[in-house]
Amino acid sequence: MKITPFAARVPRLRPDPIIMANTILVGAQWGDEGKGKIIDFLTDEAGVVVRTQGGNNAGHTIVHGNKKFVLHLIPSGILRRGKICVIGNGVVVDPLALVTEITGLRKKGVPVGANLLLSDSAHLVMPWHRALDEAREQRKGRNKIGTTKRGIGPAYGDKAARTGLRTGDLLDAVSFAAKFKARLRESNAVLRSLGAKPLPLQPALRHYLAAAKVLRPHITNTVVWLHDAMARGRNMLFEGAQGTYLDLDHGTYPFVTSSNTTAGGACTGSGVPPHRMDRVIGVMKAYTTRVGEGPFPTEDDTIGEMLHGMGREFGATTGRARRCGWFDAVATRYAAMINGIDELAITNLDGLDRVPRIKVCTAYRLDGKTLKHPPTDADSWARCRPVYRTFRGWMQDTSKARRFAQLPPAARTYVKALAGLTGAKLRIVSIGAGHDETIRL
Ligand code: GDP
Ligand code: IMO
Ligand code: MG
């Protein structure tokens with residue numbers, strides 16, 4: 001494989017000045033915890049930001065001044081000059097979506113060039129994956145998963161079946177076209193069997209070949225690049241997508257995504273070994289949200305209506321209204337266990353500024369028993385009834401606080417209790433979408 005221009009042109013930057021070490025950041029709930037905002041906040045201390053799983057089902061929001069950016073495939077470090085963003089081998093990449101994202105950022109004045117590297121081993125999301133995602137959801141009817149319809153499940157399915165195409169395949173247009181045609185033929189047979197319309201070869205192939213031209217200079221062996229960067233003392237931030245309970249193994253299966261969203265996914269999805277990871281930060285909202293179907297014991301329409309009424313909690317990728325509920329410490333405690341969470345970032349505390357009495361689920365009741373950990377099957381999980389502890393609300397604006405001591409006493413008690421119930425150190429409290437609306441402990 002040829003040496004790619006961008007990988008060769010990444011400047012030989014000096015080691016990062018602050019020793020932050022390599023950090024994995026994961027969502028501790030069902031996604032949308034505010035990972036993008038926290039990554040952007042932490043990027044001050046890291047030279048490299050790496051996505052390791054998921055695809056453009058993710059939507060990570062960053063607010064800089066009065067500008068809002070929603071990133072789907074590109075790591076949340078891209079807005080900062082001098083930072084290198086890496087899309088690792090564990091990500092599934094829709095080349096058309098990636099080109100659209102690059103173009104959109106450039107239009108907003110964000111340079112995207114040698115600061116974005118794309119693994120040559122990442123699997124591609126193809127047009128038939130999107131069509132299959134749609135067709136399977138339709139056939140499931142009331143039992144649907146509520147996917148983002150971005151083709152994520154079928155793309156990971158082909159990866160596991162060893163029939164997928166990878167970004168490295170984009171480097172040779174002639175062989176790519178041949179593989180595209182062969183895979184299209186087989187996938188069309190599956191689409192027909194599901195009662196869906198088969199896809200024509202064109203214009204899809206033309207669009208993919210055009211995207212390949214744009215992406216080619218970004219494609220490289222990112223495993224070698226990351227190890228080289230570590231040897232040069234760069235700090236790395238591994239940006240998780242989705243959340244613990246959307247994990248293919250540990251989530252509310254089958255109402256999950258198709259990748260490992262938990263901390264281990266950062267290693268397999270990047271080629272950086274476990275002993276090079278120094279800490280795991282879990283991001284969680286001060287309440288709970290979920291998009292799509294599946295169990296959610298603390299769901300509560302009253303809090304949902306309040307948050308939606310404030311214009312909050314609409315999906316960053318699909319625009320769907322998120323389901324909302326109280327904080328579920330049974331879930332976050334188990335998430336701390338699975339991910340090995342050392343530190344916590346609690347976001348959206350300000351969402352509770354006007355709630356007089358705030359509930360927190362500390363245990364589940366199921367079939368006459370009290371559970372401290374969630375059941376592993378979705379049906380039992382859906383039958384769990386929350387045991388609540390009630391906290392006094394603070395009924396005042398928290399968004400102006402910049403130090404922990406500036407938060408109202410009831411808010412301090414609340415976030416400390418969330419950290420205590422989860423079992424990890426409280427490090428960051430976020431009280432607004434912007435960079436400065438963040439308290440570090
Ligand atoms: P991600 O997928 O985990 O990156 O989260 P999303 O971007 O999908 O959703 C989080 C939403 O909450 C976005 O609209 C963020 O701008 C917003 N957000 C993050 N932290 C805070 C916070 O502390 N307060 C407020 N008001 N909004 C926040
Ligand atoms: P970020 O990174 C919230 C959900 C979908 C659906 C399930 C499967 O922004 O937190 P998929 O398209 O992945 O096959 O859908 O997973 N889902 C997310 N929910 N945040 C996300 O990403 C999500 N990515 C997927 O709603 O329930
Ligand atoms: Mg999101």
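If you're wondering where the values come from, they're calculated on a predicted model, not measured in any experiment. (Residues numbered from 1 in each chain as written. Chains lettered and ligands numbered in written order. Predicted model: local features only at pLDDT ≥ 70, side-chain atom pairs only at ≥ 80, totals over all residues. Heavy atoms only, no water.)

Student: Describe the overall build of the protein, listing the residues and the values that go with them.
Tutor: In terms of helices and strands, the protein carries 13 helices and 20 strands. Radius of gyration (C-alpha) of the protein: 22 Å, near the 22 Å computed for a compact globule of 441 residues. In the protein, which comprises 441 residues, the proportion classed as buried is 59%. A sequence separation of at least 24 residues applies to 77% of the contacts in the protein between residues at least 6 apart. Surface exposure of the protein reaches about 18,100 Å², of which carbon and sulfur atoms provide 53%. Between the mean site of the 64 positive side-chain charges and the mean site of the 38 negative ones, the protein shows a separation of 3 Å. (Helix = DSSP H or I, 4+ residues; strand = E, 2+ residues; numbered from the N terminus. Rg over C-alpha atoms; globule rule 2.2 N^0.38 Å. Buried < 20%, exposed > 50% of the residue type's maximum accessible area, 1.4 Å probe, protein only. Contact = heavy atoms within 4.5 Å. Areas by Shrake-Rupley, 256 points an atom, 1.4 Å probe, with all protein chains shown as cover. Lys, Arg positive; Asp, Glu negative; His and termini not counted. Charge placed at Lys NZ, Arg CZ, Asp CG, Glu CD.)

Student: Requested: an account of the coordination of the magnesium ion (ligand 3), with residues and values cited.
Tutor: The magnesium ion (ligand 3) binds to the protein through Asp32 (OD) and Gly59 (O); the donor distances cover 2.1 to 2.2 Å. Pair noted here: Asp32 is in the loop between strand S1 (23-27) and helix H2 (35-42) and Gly59 is in the loop between strand S2 (48-51) and strand S3 (60-64), with a separation of 27 residues, a long-range link. Judged by its relative accessible area of 22%, Asp32 falls in the partly exposed class. Judged by relative accessible area, which is 11%, Gly59 ranks as buried. (Donors = N, O, S within 2.8 Å, 3.2 Å for Na, K, Ca; no water.)

Student: Residues and numbers for helix H13 (residues 409-422), please.
Tutor: Compared with the 20 Å implied by 1.5 Å per residue over 14 residues, the 20 Å span of H13 between its first and last C-alpha is a close match. Buried within H13 are the following residues: Ala410, Ala411, Tyr414, Val415, Ala417, Leu418, Ala419, Leu421 and Thr422. Phi for Gly423, located one or two positions after H13, is positive at around 90 degrees. (Expected span 1.5 Å × (residues − 1).)

Student: Any chance you could break down the nonpolar core for me, citing the residues and the numbers?
Tutor: In this structure, Leu349, Leu352, Leu407 and Tyr414 are the most contacted members of the largest nonpolar core, which totals 70 residues. Considering each element in turn, this core owes the most residues, eight residues, to H13. The residue makeup of this core includes at least three contributed by each of domain 1 (16-119 + 218-279) and domain 3 (285-440). Apart from the residues within four sequence positions on either side, Leu407 is in contact with Leu349, Thr398, Ala401, Arg412, Val429, Ile431 and Ile439. One finds Ile62, Leu71, Met126 and Ala211 within the second-largest nonpolar core, a separate group that totals 37 residues. (Core = buried A, V, L, I, M, F, W, Y, C linked by side-chain atoms within 4.5 Å. Domains from an automatic or database assignment.)

Student: How would you summarise helix H10 (residues 301-309) if you had to cite specific residues and measurements?
Tutor: Within H10, the full set of buried residues consists of Ile303, Gly304 and Leu307. All buried residues of H10 lie within an arc of 105 degrees about the axis, which places them on one face of the element. In this structure, H10 carries Asp301, Thr302, Glu305 and Gly309 as exposed residues pointing more than 90 degrees from its buried face. Where H10 terminates, the next one or two residues include Gly311, which has phi positive at roughly 80 degrees. (Arc of directions from axis to C-beta.)

Student: Please provide a residue-by-residue account of the packing of aromatic side chains, values included.
Tutor: Following the criterion strictly, the structure yields nine aromatic pairs and no others. With centroids separated by 5.2 Å and ring planes inclined at 85 degrees, the aromatic side chains of Tyr245 and Trp381 adopt a geometry described as edge-to-face. Taken together, the residues Tyr245 in the loop between strand S10 (236-239) and helix H9 (264-268) and Trp381 in helix H12 (residues 378-383) connect sequence positions 136 residues apart. Geometrically, the ring pair formed by Trp394 and Tyr414 is tilted, given 5.7 Å between the ring centres and 45 degrees between the ring planes. With Trp394 in the loop between strand S18 (385-392) and H13 and Tyr414 in helix H13, the pair connects residues that are 20 residues apart, well separated along the chain. Across this residue pair, the class does not change: Trp394 and Tyr414 are buried. Grouping aromatic residues by their ring pairs yields a cluster made of Trp30, Tyr245, Phe296 and Trp381. (Phe/Tyr/Trp six-rings, centres within 6.5 Å; stacked < 30°, edge-to-face > 60°.)

Student: Which residues make up the sheet that holds strand S9 (residues 219-220), and what values go with them?
Tutor: Judged by pairing direction, the sheet is mixed, and its ten strands sit side by side in the order S9-S7-S5-S2-S10-S1-S11-S15-S19-S20 without closing on themselves. Unpaired on one side and paired on the other, S9 and strand S20 (438-440) mark the two borders of the sheet. In terms of strand pairing, strand S5 (residues 84-87) meets strand S7 (residues 116-119) through three bridges, oriented parallel. Considered in S7, the bridge of Ile87 is made with Leu118. The sheet strands contacting helix H8 (residues 222-231) are S2, S5, S7, S9 and S10, and the helix crosses S5 at an angle near 145 degrees. (Pairing = 2+ DSSP bridges. Axes fitted to C-alpha atoms, helices over the stretch in contact; angles between N-to-C directions.)

Student: Any details on the site of ligand 1? Residues and values, ideally.
Tutor: Residues in contact with ligand 1 amount to 19 residues; listed here are only the nearest, Lys35, Thr61, Asn348, Asp350 and Ser430. Here an oxygen atom of ligand 1 sits 2.9 Å away from a polar atom, N or O, in the main chain of Gly34. In this structure, Arg322 approaches ligand 1 through a side-chain N or O atom, which is 3.0 Å from an oxygen atom. Coverage of ligand 1 by the protein chains reaches 89% of its 590 Å² of free accessible surface. Of all the secondary-structure elements, those providing two or more residues to the shell around ligand 1 are H2 and S3. (Near = heavy atom within 4 Å. Polar contact = N/O pair within 3.5 Å; in protein donor to acceptor, adjacent residues only side chain to side chain.)

Remember, this is a structural readout, not a statement about activity or role.
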